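Chain by chain, the residues:
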Amino acid sequence: MALDINKLLGRAAETRADIQAKSGGGDRPATPPMGTSRWRILPGWRKSDPETFYHAFSSHFLKDTAGKVVGSFVCRGITFGEHCEYCDAIDEMRRGTKDQDQLNKINEFRASNGYLVGALRVDGENASLTKPVLLRVPQTVLDMFLQLMVERLKNDDINILDPNEGRNITINREGS
């Protein structure tokens, strides 16, 4: 029996697409590097809702006994508004102990909240001027960006989300 190369390639492509879909696309969101970096935040990617340029995103982190992160997974509750069995398990563990040291360890597994935005890195060795990245920013950074965006629109009539006429922002990251 002869091997059908076209069929083999087709099946490989289908399986890879399935793997990518199940893994959320395979790419992890970028995070601002330590220190100062410059970014252009892009407008929304949904044609039906271009004004929404951000999406809530949360992860549970798995740590080893030394406290080093060894893995993470998406919190379905915060990210998608669905039931998250991991949040339930963490809540159940919290209810099952009064020991403060145990509570502190359990709390390390709670979801870490943030937001995803489309962005271009406009400086540094990892500049992405031609390839947008999904950038994960903490709530405080998104709040400051929204405040700046509103001020520029009201006071200067500048839409800082405009890919051509907008403005870059500087993010200064200090710590984790």
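Residues numbered from 1 in each chain as written. Predicted model: local features only at pLDDT ≥ 70, side-chain atom pairs only at ≥ 80, totals over all residues. Heavy atoms only, no water.

## With respect to the packing of helix 3 (residues 85–95) against helix 4 (residues 100–107)
Phase 1 of the analysis: One way to put it is that helix 3 packs onto helix 4 with a least axis distance of 10 Å and a crossing angle of 175 degrees. In terms of axis orientation, helix 3 runs roughly antiparallel to helix 4. Packed against helix 3, whose contacting residues are Ile90, Met93 and Arg94, the element helix 4 presents Leu103, Ile106 and Asn107 at the interface.
Phase 2 of the analysis: Its residues assigned to classes, the contact of helix 3 with helix 4 comprises 4 nonpolar, 1 polar and 1 charged. (Axes fitted to C-alpha atoms, helices over the stretch in contact; angles between N-to-C directions. Helix = DSSP H or I, 4+ residues; strand = E, 2+ residues; numbered from the N terminus. Parallel < 35°, antiparallel > 145°, perpendicular 65-115°, else oblique. Contact = heavy atoms within 4.5 Å. Nonpolar A, V, L, I, M, F, W, Y, C, P; charged D, E, K, R; others polar.)

## A closer look at the environment of Leu116
Phase 1 of the analysis: On the secondary structure map, Leu116 appears in strand 4 (residues 112–121).
Phase 2 of the analysis: In this structure Leu116 comes out as buried when scored by relative accessible area, which is 8%.
Phase 3 of the analysis: Between the C-alpha atom of Leu116 and that of Arg136, which follows or precedes it by 20 residues, the distance is 4.6 Å.
Phase 4 of the analysis: Other than its neighbours up to four places away in sequence, Leu116 contacts Pro29, Trp45, Phe53, Tyr54, His55, Phe57, Leu134, Leu135 and Arg136. (Buried < 20%, exposed > 50% of the residue type's maximum accessible area, 1.4 Å probe, protein only.)

## Points about the environment of Arg173
Phase 1 of the analysis: Its location among the elements puts Arg173 in strand 6 (residues 169–173).
Phase 2 of the analysis: Taking relative accessible area as the criterion, Arg173 reaches 27% and is therefore assigned partly exposed.
Phase 3 of the analysis: Spatially, the C-alpha atoms of Arg173 and Thr36 are 6.4 Å apart, while their sequence positions differ by 137 residues.
Phase 4 of the analysis: In this structure Arg173 touches Thr31, Pro32, Pro33, Met34 and Gly35, once residues within four positions along its chain are discounted.
Phase 5 of the analysis: A distance of 2.7 Å separates a polar atom in the side chain of Arg173 from the backbone oxygen of Pro32. (Polar contact = N/O pair within 3.5 Å; in protein donor to acceptor, adjacent residues only side chain to side chain.)

## Here we look at the pairing of strand 4
Phase 1 of the analysis: Where burial is concerned, most of strand 4 is hidden: 7 out of the 10 residues are buried.
Phase 2 of the analysis: One ladder, built from 6 bridges, connects strand 2 (residues 54–63) with strand 4; its direction is antiparallel. Looking across to strand 4, one finds that Ser58 is bridged to Asn113.
Phase 3 of the analysis: Note: strand 4 against strand 5 (residues 133–137), 5 bridges, orientation antiparallel. Paired with Ala119 across the bridge in strand 5 is Val133. (Pairing = 2+ DSSP bridges.)

## Digging into a nonpolar patch on the surface
Phase 1 of the analysis: On the surface, Ile5, Leu8 and Leu9 cluster together to form a nonpolar patch covering roughly 290 Å² of accessible area.
Phase 2 of the analysis: Mapped onto the elements, Ile5 comes out in helix 1 (residues 5–22).
Phase 3 of the analysis: Ile5 sits in the partly exposed class, given a relative accessible area of 48%. (Patch = residues over 30% accessible without salt bridge, like charges linked within 9 Å, V, L, I, M, F, W, Y side chains within 5 Å. Areas by Shrake-Rupley, 256 points an atom, 1.4 Å probe, with all protein chains shown as cover. Salt bridge = Lys/Arg side-chain N within 4 Å of Asp/Glu carboxyl O.)

## What to know about the pattern of salt bridges
Phase 1 of the analysis: One pass over the structure, following the stated rule, counts 4 salt bridges.
Phase 2 of the analysis: With a shortest N-O distance of 2.6 Å, Arg76 and Glu82 are connected by a salt bridge.
Phase 3 of the analysis: Overall, Arg76 belongs to the partly exposed group, its relative accessible area being 36%.
Phase 4 of the analysis: The class of Glu82 is partly exposed, set by a relative accessible area of 39%.

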